[in-house]
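# Secondary and tertiary structure notes
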Amino acid sequence: MKIKNIFFDKKLIYIAVVFIIILGLLLSLYFFFNKKPQISPQVYKGSTFEIEVPEGWSVATTSAIYKDFTVISPNKKLKANRDVFKINEPMIYVVSRDSGTTTLQEYVEQLKPKLVPGPLSNDVHNYKIIEEVSTTTADNISAYLVGTYFETADTQPKDINEIINAKNLATPTPRQPKISKYKNLSLITIKDEKLYVVTATAPEEKWSEFDEKYRKTLINFNP
């Protein structure tokens, strides 16, 4: 009696091949529909630089107050003016100016003691350098990262009733100062005789939420 050799059974081989093809198609469809889309970062192109904008954030810019002054923030209503620094919200801002013959290292030494926006400078307390490192941008341009901490004490009356009462009282009750605590991280770099200072800022209690995002944005800054 002859025993049928299943290894050479053409019908079984055909079924196996069809099964493998169908399995391969099903796996391809599964990975295709479950693949996470790669979202390209939004890039803002200034007059002399490019910067990645975090997803969902918006850009405001002006040349009326500072040359090439750009503000990037999750607050879509934020405007690029002097008052923006008093809002105490997370943001990234870019300021640039001609560097002249001053070197990057010289600028870093000049700026380190006062990496605070001008409108806040009169009320700053406990200013500290908490980080300083020489680095390069993603395009291999020499730069410095300088981290700072400072506090502001706002003692000016903001509410209209406070202002009226303060004027009417012979000895008005001193307003308790509002202490705002900030952490900043600034990228300082020079390219084509132009100085760029890109600063990421946030209230101290929110800093950890934005730290990684800020560092990525600063290092990828492209003057």
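Residues numbered from 1 in each chain as written. Predicted model: local features only at pLDDT ≥ 70, side-chain atom pairs only at ≥ 80, totals over all residues. Heavy atoms only, no water.

## What about the confidence of the model for the protein?
Averaged over all residues, the pLDDT of the protein equals 80, while 72% of them reach at least 70. Considering only residues more than four positions removed or in separate chains, one finds that residues 155-160, a stretch of pLDDT under 50, has seven contacts. (pLDDT = per-residue confidence, 0-100. Contact = heavy atoms within 4.5 Å.)

## Some details on the packing of aromatic side chains
Taken as a whole and judged by the stated rule, the model has eleven aromatic pairs. Relative to F49, the ring of Y44 has its centre 6.2 Å away and its plane inclined at 55°; by these criteria the two rings are tilted. Residue classification places F49 among the buried positions, given a relative accessible area of 3%. A network of ring pairs unites the aromatic residues Y44, F49, Y196 and F221 as a single cluster. (Phe/Tyr/Trp six-rings, centres within 6.5 Å; stacked < 30°, edge-to-face > 60°. Buried < 20%, exposed > 50% of the residue type's maximum accessible area, 1.4 Å probe, protein only.)

## Some remarks on the nonpolar core
I51, I92, V198, Y214 and F221 are the most contacted members of the largest nonpolar core, which has 20 residues in total. Elements represented by at least two residues in this core include exactly strand 2 (50-53), strand 5 (91-98), strand 7 (142-154), strand 8 (178-191), strand 9 (194-203) and helix 4 (207-219). Contact partners of V198, with chain neighbours within four places excluded, come to I51, I92, Y93, V94, L185, S186, L187, L218 and F221. (Core = buried A, V, L, I, M, F, W, Y, C linked by side-chain atoms within 4.5 Å. Helix = DSSP H or I, 4+ residues; strand = E, 2+ residues; numbered from the N terminus.)

## Some words on helix 4
Taking 1.5 Å per residue, 13 residues should reach 18 Å; helix 4 reaches 17 Å between its end C-alpha atoms and fits that length. At K213, helix 4 shows its maximal kink, close to 30°. (Expected span 1.5 Å × (residues − 1). Bend = angle between axes of the 7 residues up to and from the residue.)

## Quick word on the pairing of strand 2
Pairing analysis gives four bridges linking strand 1 (residues 42-45) to strand 2, with the strands arranged antiparallel. Bridge assignment links Y44 to a residue of strand 2, and that residue is I51. Counting the residues between successive antiparallel strands, the hairpin from strand 1 to strand 2 contains four residues. (Pairing = 2+ DSSP bridges.)

## A short note on the pattern of salt bridges
Per the stated rule, a full pass over the model turns up six salt bridges. K112 is paired through a salt bridge with E132; the nearest N and O atoms lie 3.2 Å apart. Highlighted residues: K112 in the loop between helix 2 (104-111) and strand 6 (124-136) and E132 in strand 6, separated in sequence by 20 residues. According to the relative accessible area criterion, K112 is buried, its value standing at 15%. The exposure class assigned to E132 is partly exposed, which follows from its relative accessible area of 39%. Overlapping salt bridges bring together E109, K112 and E132 as one network. (Salt bridge = Lys/Arg side-chain N within 4 Å of Asp/Glu carboxyl O.)

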